[in-house]
Amino acid sequence: MSILLLGKLSEAEYAVWQQHLSLHLPADETLVLASQAYDKTAVDIALVANPPAGALATLPKLRFVQSLWAGVDRLLSDPSLPENVPLARLVDPAMTRAMTECALANVFYLHRQLPAYLRQQAHRQWQPRQQVLAAQRRVGVLGMGKLGAAVAQALADVGFPVMGWSRQQGSDGLTALLSRTDILINLLPLTAHTTGILNAALFEKLPVGAALINLARGGHLVEPDLLAALEQQHISHAVLDVFNEEPLPERHPFWTHPQITVFPHVAAATDPATAARVAAENIVAFRAGRAIGGLVSHAQGY
Ligand SMILES: NC(=O)c1ccc[n+]([C@@H]2O[C@H](COP(=O)([O-])OP(=O)(O)OC[C@H]3O[C@@H](n4cnc5c(N)ncnc54)[C@H](OP(=O)(O)O)[C@@H]3O)[C@@H](O)[C@H]2O)c1
């Protein structure tokens, strides 16, 4: 049987993945690339990075799918994805570290009022603002999974009072968190329950002047609601790494909005050098009948 690497990848990217995977996969495994000819009936494991919709349904002997991305919302939205085949998302400590660094950078960016100082510099304004210490800046983290929990811990370690929210806290827990949050970080998976969760009703529950950092998925945010909340000065600033449409269209109002910072989906990229090891370890575990890391529930959507 063989392992298929399948994704929206260039020839050069296929070559990089192949090189790293061959370092970590057991010598008796056969890796085939979707960019080259291969026998579909011999594939029992697929390693996927944005595969074309319907592609996995054409593999009759498929028994395990390992995503090379952390978010699996797009994969799960493919109606032809075989439901009885176990699917694992990427849980890579290097990616968790990258996300933690990104969250720390953006919390400090907002905490130390850099958007305001950058605007002042553009107008040659020498105007000190009130200093606030981390202990007085409350951070709320939506999603306390692999990434959210690590981000919350790192923020607590540098002195911010941090609250986290996950499914078991329910909607009352969310309301309680929002009322005590100055900087809100979204690290939820995109599911039927979390789509559009960053909306007018949620923003209203935040204190006036709170800020938002969305590092999860564009589908979490109701874009017109954010623009309205910024206009009303209820939200002071938003840092957005992910968007409904990526790349963000050239004419999109977010690009030039003075209270929005745009990043091109770079919070925590998959690094083949570390992800290949994680994927190979999961494949070895799968073959041995041991527990697979990052197993996704089709029913829950994450
Ligand atoms: N921007 C980027 O570059 C980038 C990079 C990597 C990942 N991401 C995004 O980050 C997301 C999170 O990744 P992860 O690895 O931390 O995910 P994860 O380990 O699966 O954690 C998900 C967390 O969200 C909570 N949750 C799920 N549905 C919920 C709901 N309806 N209400 C409340 N809480 C809910 C879960 O609660 P329970 O603990 O109760 O299950 C869990 O705490 C990914 O799905 C992806 O979209 C973005």
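Before reading on, note that the structure itself is shown above.
Below is a summary of the structure that appears in this document.

### Focus: helix H1 (residues 11-24)
With 14 residues, H1 extends 20 Å from end C-alpha to end C-alpha; this agrees with the ideal 20 Å at 1.5 Å per step. Those residues of H1 lying buried are Tyr14, Trp17, His20 and Leu21. For H1, the angular spread of buried residues about the axis comes to 140°, placing them on one side. Of the residues in H1, the exposed ones pointing more than 90 degrees away from the buried face are Glu11, Ala12, Ser22 and Leu23. Among the structural elements, strand S1 (2-7), strand S2 (30-33), strand S3 (43-49) and helix H9 (272-288) are those in contact with the buried residues of H1.

### Some thoughts on H9
For H9, which comprises 17 residues, the first-to-last C-alpha distance of 24 Å matches the rise-based estimate of 24 Å (1.5 Å per residue) to within 8%. Phi turns positive, to about 75°, at Gly289, one or two residues after H9.

### A look at the nonpolar core
The biggest cluster of nonpolar side chains holds 50 residues, and the ones touching the most others in it are Leu5, Leu47, Ile185 and Leu215. Per element, the largest residue contribution to this core is 8 residues, and it comes from helix H3 (residues 93-111). Discounting chain neighbours no more than four positions away, the residues touching Ile185 are Ala103, Val107, Val139, Gly140, Val141, Leu142, Val151, Leu155, Ile213 and Leu215. In terms of nonpolar packing, the next biggest core, distinct from the first, is built from 26 residues, Leu142, Leu206, Leu212 and Ile235 among them.

### Examining the sheet that holds strand S5 (residues 87-88)
Read from one edge to the other, the open sheet built from 5 strands follows the order S2-S1-S3-S4-S5, with strand pairing classed as parallel. Looking at which strands have only one partner, the edges of the open sheet turn out to be S2 and S5. Pairing between S1 and S3: 6 bridges, direction parallel. Residue pairing for S3: Leu6 is matched across the bridge by Val48. Of the strands in this sheet, S1, S2 and S3 touch H1, which is tilted by about 145° from S1. On top of the sheet, H9 reaches S1, S3, strand S4 (64-67) and S5; it is set at about 155° to S3, its chief contact.

### A word on the site of the ligand
The immediate surroundings of the ligand are formed by 29 residues, with Arg89, Leu147, Leu215, Asp241 and Tyr302 found nearest. With respect to the ligand, the backbone of Arg167 contributes an N or O atom lying 3.1 Å from a nitrogen atom. One of the backbone N or O atoms of Ala268 is found 3.1 Å from an oxygen atom in the ligand. Contact with the protein chains hides 89% of the accessible area of the ligand, taken as 950 Å² for the molecule alone. Contributing elements (two or more residues each) for the shell around the ligand: H3 and helix H5 (146-157). In terms of residue count, the dominant contributor to the shell around the ligand is H5 (3 residues). Of the residues that constitute the shell around the ligand, the class distribution is 15 nonpolar, 9 polar and 5 charged.

### Observations regarding the packing of H3 against H5
Put simply, H3 and H5 touch, their axes get as near as 9 Å, and they point 50° apart. By the angle class used here, H3 and H5 are oblique. Once H3 is placed against H5, the crossing between them reads as right-handed. Listed contacts from H5 to Met95, Thr96, Met99, Thr100, Ala103, Leu104 and Val107 of H3 are Lys146, Leu147, Ala150, Val151, Ala154 and Leu155. Of the residues belonging to the contact of H3 with H5, the class tally is 10 nonpolar, 2 polar and 1 charged.

### Overview of unusual backbone geometry
Of note, the amide linkage connecting Glu246 to Pro247 takes the cis form, showing an omega dihedral of -5°. Relative to the helices and strands, Pro247 is located in the loop between strand S10 (235-240) and strand S11 (260-262). Its identity is not glycine, yet Asn50 carries a phi of approximately 55°, on the positive side. Of note, Asn50 is situated in the loop between S3 and S4. Classification of Asn50 as partly exposed rests on a relative accessible area of 22%.

### Focus: the pattern of salt bridges
It is possible for side chains bearing opposite charge to pair when their charged atoms get close. All told, the structure shown has 6 salt bridges when counted by the stated rule. Across the salt bridge formed by Arg217 and Asp73, the nearest N and O atoms sit 3.0 Å from each other. Of this pair, Arg217 sits in the loop between strand S9 (210-214) and helix H8 (223-231) while Asp73 sits in helix H2 (residues 73-76), and the two are 144 residues apart along the sequence. In this structure, the salt-bridge partner of Glu101 is Arg97, at a minimum N-O distance of 3.6 Å. Highlighted residues: Glu101 and Arg97, both in helix H3, separated by 4 residues, approximately one helical turn. The partly exposed category is assigned to Arg97, whose relative accessible area is 48%. Through salt bridges with shared partners, one network takes in Glu29, Asp44, Arg63 and Arg287.

Basis of the calculations
Residues numbered from 1 in each chain as written. Predicted model: local features only at pLDDT ≥ 70, side-chain atom pairs only at ≥ 80, totals over all residues. Heavy atoms only, no water. Helix = DSSP H or I, 4+ residues; strand = E, 2+ residues; numbered from the N terminus. Expected span 1.5 Å × (residues − 1). Buried < 20%, exposed > 50% of the residue type's maximum accessible area, 1.4 Å probe, protein only. Arc of directions from axis to C-beta. Contact = heavy atoms within 4.5 Å. Core = buried A, V, L, I, M, F, W, Y, C linked by side-chain atoms within 4.5 Å. Pairing = 2+ DSSP bridges. Axes fitted to C-alpha atoms, helices over the stretch in contact; angles between N-to-C directions. Near = heavy atom within 4 Å. Polar contact = N/O pair within 3.5 Å; in protein donor to acceptor, adjacent residues only side chain to side chain. Areas by Shrake-Rupley, 256 points an atom, 1.4 Å probe, with all protein chains shown as cover. Nonpolar A, V, L, I, M, F, W, Y, C, P; charged D, E, K, R; others polar. Parallel < 35°, antiparallel > 145°, perpendicular 65-115°, else oblique. Left-handed = near helix turned anticlockwise from the far one by under 90°. Salt bridge = Lys/Arg side-chain N within 4 Å of Asp/Glu carboxyl O.

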